[in-house]
Amino acid sequence: MDAKRELVDLLLEDAREDTETMARQLGRSQDEVEEMLDDLEAEGSILGYQAVVDWGKVDEDHVTAEVELNLELDRDTTYVQVANRITKFDEVTALHLVSGDYDFDVTVEAESMRAVSMFVSEQIAPIPEVTQTVTHFVMKTYKNRGIEFTERDDDDRLSVSP
């Protein structure tokens, strides 16, 4: 495996790991790891470092929704142009062009279901190319970015009744 890819995999596991520890894990010098990090950031492969947050334990007034968007493009408009408009909103935390029954999958975050609904109806739905929106509110997160959110019960014994 390529050294940069191995470094990316380590960062995906724990982006807070110090370069000395990562260098030891990769069998490289700390200077080499720091140079690889600089290269990955400069070329735009690494765009940022973010925490995975269990909002249920931090702030009860936080809502996430997945919004399906159907689009109808004219000859002069592209998916990229519509995406550029949608990504400008702070409420949009992720935007994906997808295959299947709809075109875009948008992750929206706000302080309430009402705020998400108002955002979608007032900011997203009026975009001329958007022909349909379907909003799915996230009720509970069990896993995000490879990290499980569930409480672990280490007692895996089967119950036996007489």
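Residues numbered from 1 in each chain as written. Predicted model: local features only at pLDDT ≥ 70, side-chain atom pairs only at ≥ 80, totals over all residues. Heavy atoms only, no water.

Asks: Describe in detail the overall build of the protein chain, supporting the description with residues and values.
Replies: Of regular secondary structure, the protein chain possesses six helices and six strands. Sequence-ordered secondary structure for the protein chain, helices as α and strands as β, is α-α-α-α-β-α-β-β-α-β-β-β. Here the protein chain has a C-alpha radius of gyration of 21 Å; the compact-globule value for 162 residues is 15 Å, and the former is much larger. Judged by the C-alpha coordinates and their principal axes, the protein chain covers about 65 × 55 × 30 Å. Within the protein chain, the proportion of its 162 residues that are buried is 27%. As presented, the protein chain carries roughly 11,900 Å² of accessible surface, and 45% of it is formed by carbon and sulfur atoms. The averaged location of the 40 negative side-chain charges in the protein chain is 2 Å from the averaged location of its 15 positive side-chain charges. (Helix = DSSP H or I, 4+ residues; strand = E, 2+ residues; numbered from the N terminus. Rg over C-alpha atoms; globule rule 2.2 N^0.38 Å. Buried < 20%, exposed > 50% of the residue type's maximum accessible area, 1.4 Å probe, protein only. Areas by Shrake-Rupley, 256 points an atom, 1.4 Å probe, with all protein chains shown as cover. Lys, Arg positive; Asp, Glu negative; His and termini not counted. Charge placed at Lys NZ, Arg CZ, Asp CG, Glu CD.)

Asks: Please provide a residue-by-residue account of the sheet that holds strand β4 (residues 130-137), values included.
Replies: Pairing in this open sheet of four strands is antiparallel, and the strands run β2-β3-β1-β4 from one edge to the other. Either end of the sheet is taken by a strand with one partner, and the two such strands are β2 (92-97) and β4. Taking the axes of each pair of neighbouring strands and ignoring which way they run, one obtains an average angle of 20° across the sheet. When strand β1 (residues 63-71) meets β4, the two strands line up antiparallel, connected through seven bridges. Paired with L71 across the two strands is V130, which belongs to β4. Here helix α5 (residues 79-86) sits on the sheet in contact with β1, β2 and β3 (104-110), set at roughly 5° to β3. Packed onto the sheet, helix α6 (residues 113-124) meets β1, β2, β3 and β4 and runs at close to 170° relative to β4. (Pairing = 2+ DSSP bridges. Axes fitted to C-alpha atoms, helices over the stretch in contact; angles between N-to-C directions. Contact = heavy atoms within 4.5 Å.)

Asks: Explain the pairing of β2 residue by residue, including any values.
Replies: When a strand is regular, its side chains alternate between the sheet's two faces. Pairing analysis gives five bridges linking β2 to β3, with the strands arranged antiparallel. In the strand pairing of β3, V92 is matched with V108. Connecting the antiparallel pair β2 and β3 is a turn made up of six residues, with G100 showing a positive phi of about 115°.

Asks: Explain the nonpolar core to me, and be specific about the residues and the numbers.
Replies: Counting residues in each nonpolar core, the largest one holds 21 residues, and the members touching the most others are L69, I86, L95, F104, V106 and V116. In this structure L95 touches A83, I86, T87, F104, D105 and V106, once residues within four positions along its chain are discounted. If you look at the next biggest cluster of nonpolar residues, it comprises 12 residues, including L10, L11, L40 and I46. (Core = buried A, V, L, I, M, F, W, Y, C linked by side-chain atoms within 4.5 Å.)

Asks: Run through the packing of aromatic side chains, naming residues and quoting values.
Replies: To describe a pair of aromatic rings, you give the distance between the ring centres and the angle between the ring planes. Under the definition given, this model contains two aromatic pairs. Note on Y79 and F104: the rings are 5.9 Å apart at their centroids and 70° apart in plane angle, and the pair reads as edge-to-face. Here Y79 is found in helix α5, whereas its partner F104 is found in strand β3, with 25 residues between them in sequence. For Y79, a relative accessible area of 33% translates into the label partly exposed. Considering the side-chain rings of F89 and F119, the 5.2 Å spacing of their centres and the 80° angle between planes classify their relative orientation as edge-to-face. Taken together, the residues F89 in the loop between α5 and β2 and F119 in helix α6 connect sequence positions 30 residues apart. Residue F119 is classed as buried on the basis of its relative accessible area, which comes to 5%. (Phe/Tyr/Trp six-rings, centres within 6.5 Å; stacked < 30°, edge-to-face > 60°.)

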